[in-house]
Amino acid sequence: MQTIVLGGGCFWCTESVFLSIKGVQSVISGYMGGDAVSANYKDVCSGNTGHVEVIKVEFDESVVPLEVILDVFFATHDPTTMDRQGNDVGSQYRSVVFYTDEDQKPTVDRTINKLRDMGLNIVTEVHPAIEFFEAEDEHQDFFNRNPGQAYCNFAIPPKLAKLRKEFSQYMTS
């Protein structure tokens, strides 16, 4: 099992994508990357803690390799916009990869370089993982528990459609 922490905008959206991938054992929404000694939704949304909304993804690399996890991540958010994903604006929504093992960093770097070679201006930050703060219970598995939530119904279906189109062989259903 491997773990990687990804920030690609609202964690409700990124969580929904990765819960649909074969080999992903768990996805936990949370916060990472800030200087504050703790993190919670209200403080992180203020943009003053330095934290990012992230998901901690635990996956079985024999089922889904890290390269695929990263390809899905980059395909389902905009890694070319600084501190913004759609209507979500602020440093708490920046694109970032927190690797949990030094062996992951070369794969992350190769993936980003491949995208840059394709002409994309990737602004995704890459850092070693630091303390992870799990988000409040109401943010876990949010889309599945709140199917009528307007923001989710606007933002998540296009991501899942892209996932089905480009990565169907890795989807659970």
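Residues numbered from 1 in each chain as written. Predicted model: local features only at pLDDT ≥ 70, side-chain atom pairs only at ≥ 80, totals over all residues. Heavy atoms only, no water.

Naming follows an unreviewed UniProt entry, where the protein appears as Peptide methionine sulfoxide reductase MsrA of Psychrobacter alimentarius. Of the protein, the UniProt comment under Function (unreviewed entry) reads exactly: "Has an important function as a repair enzyme for proteins that have been inactivated by oxidation. Catalyzes the reversible oxidation-reduction of methionine sulfoxide in proteins to methionine." You can read under Sequence similarities (unreviewed entry) in the UniProt record for the protein the words "Belongs to the MsrA Met sulfoxide reductase family." (UniProt positions renumbered as here; feature names shortened; annotations may be inferred.)

So, about the pairing of strand 1 (residues 2-8). With 5 of 7 residues buried, strand 1 lies mostly within the body of the structure. Here strand 1 runs beside strand 6 (residues 95-99); their pairing, made up of 5 bridges, is antiparallel. For valine 5, the partnering residue across the bridge sits in strand 6 and is phenylalanine 98. (Buried < 20%, exposed > 50% of the residue type's maximum accessible area, 1.4 Å probe, protein only. Helix = DSSP H or I, 4+ residues; strand = E, 2+ residues; numbered from the N terminus. Pairing = 2+ DSSP bridges.)

To continue, consider the UniProt feature "domain: Peptide methionine sulphoxide reductase MsrA" (unreviewed entry) in the protein. The UniProt feature table records "domain: Peptide methionine sulphoxide reductase MsrA" (unreviewed entry) at residues 3-153. Across residues 3-153, helical content stands at 29% and strand content at 25%; the span's end C-alpha atoms are separated by 28 Å.

Our next topic: the pairing of strand 7 (residues 125-128). Summarising the sheet, strand 6 and strand 7 pair through 4 bridges and their orientation is parallel. In the strand pairing of strand 7, phenylalanine 98 is matched with histidine 127. The handedness of the strand 6 to strand 7 crossover, carried by helix 4 (residues 105-117), is right-handed. (Right-handed = clockwise from strand over helix to strand, strands pointing away.)

The subject of this paragraph is the packing of helix 3 (residues 66-75) against helix 4. It is the contact of helix 3 with helix 4, at a shortest axis distance of 10 Å, that shows an interaxial angle of 45°. When the axes of helix 3 and helix 4 are compared, the pair comes out oblique. Crossing of helix 3 over helix 4 shows right-handed handedness. On helix 4, the residues that touch Leu66, Glu67, Leu70, Asp71 and Phe74 of helix 3 are Thr107, Val108, Arg110, Thr111, Ile112, Lys114 and Leu115. Of the residues in the contact of helix 3 with helix 4, the class split is 6 nonpolar, 2 polar and 4 charged. (Axes fitted to C-alpha atoms, helices over the stretch in contact; angles between N-to-C directions. Parallel < 35°, antiparallel > 145°, perpendicular 65-115°, else oblique. Left-handed = near helix turned anticlockwise from the far one by under 90°. Contact = heavy atoms within 4.5 Å. Nonpolar A, V, L, I, M, F, W, Y, C, P; charged D, E, K, R; others polar.)

Mapped onto the secondary structure, proline 79 falls in the loop between helix 3 and strand 4 (84-85). The buried category is assigned to proline 79, whose relative accessible area is 7%. Considered as a pair, proline 79 and glutamate 102 are 23 residues apart in the sequence and their alpha carbons are 22 Å apart. Excluding residues that lie within four positions of it along the chain, proline 79 makes contacts with Phe74, Ser95, Asn121, Ile122, Val123 and Thr124.

For the coordinates displayed, the defined rule picks out 0 disulfides. Cysteine cysteine 10 shares no disulfide, and the gap to the nearest cysteine sulfur, in cysteine 13, comes to 4.4 Å. With relative accessibility at 8%, the residue cysteine 10 sits in the buried group. (Disulfide = S-S within 2.5 Å.)

The strand order across the open sheet formed by 6 strands is 7-6-1-3-2-8, and the pairing between neighbours is mixed. Two strands bound the open sheet, and with one partner strand each, they are strand 7 and strand 8 (133-134). Each of strand 1, strand 6 and strand 7 is contacted by helix 4, which is oriented at about 180° to strand 7, the strand it contacts most.

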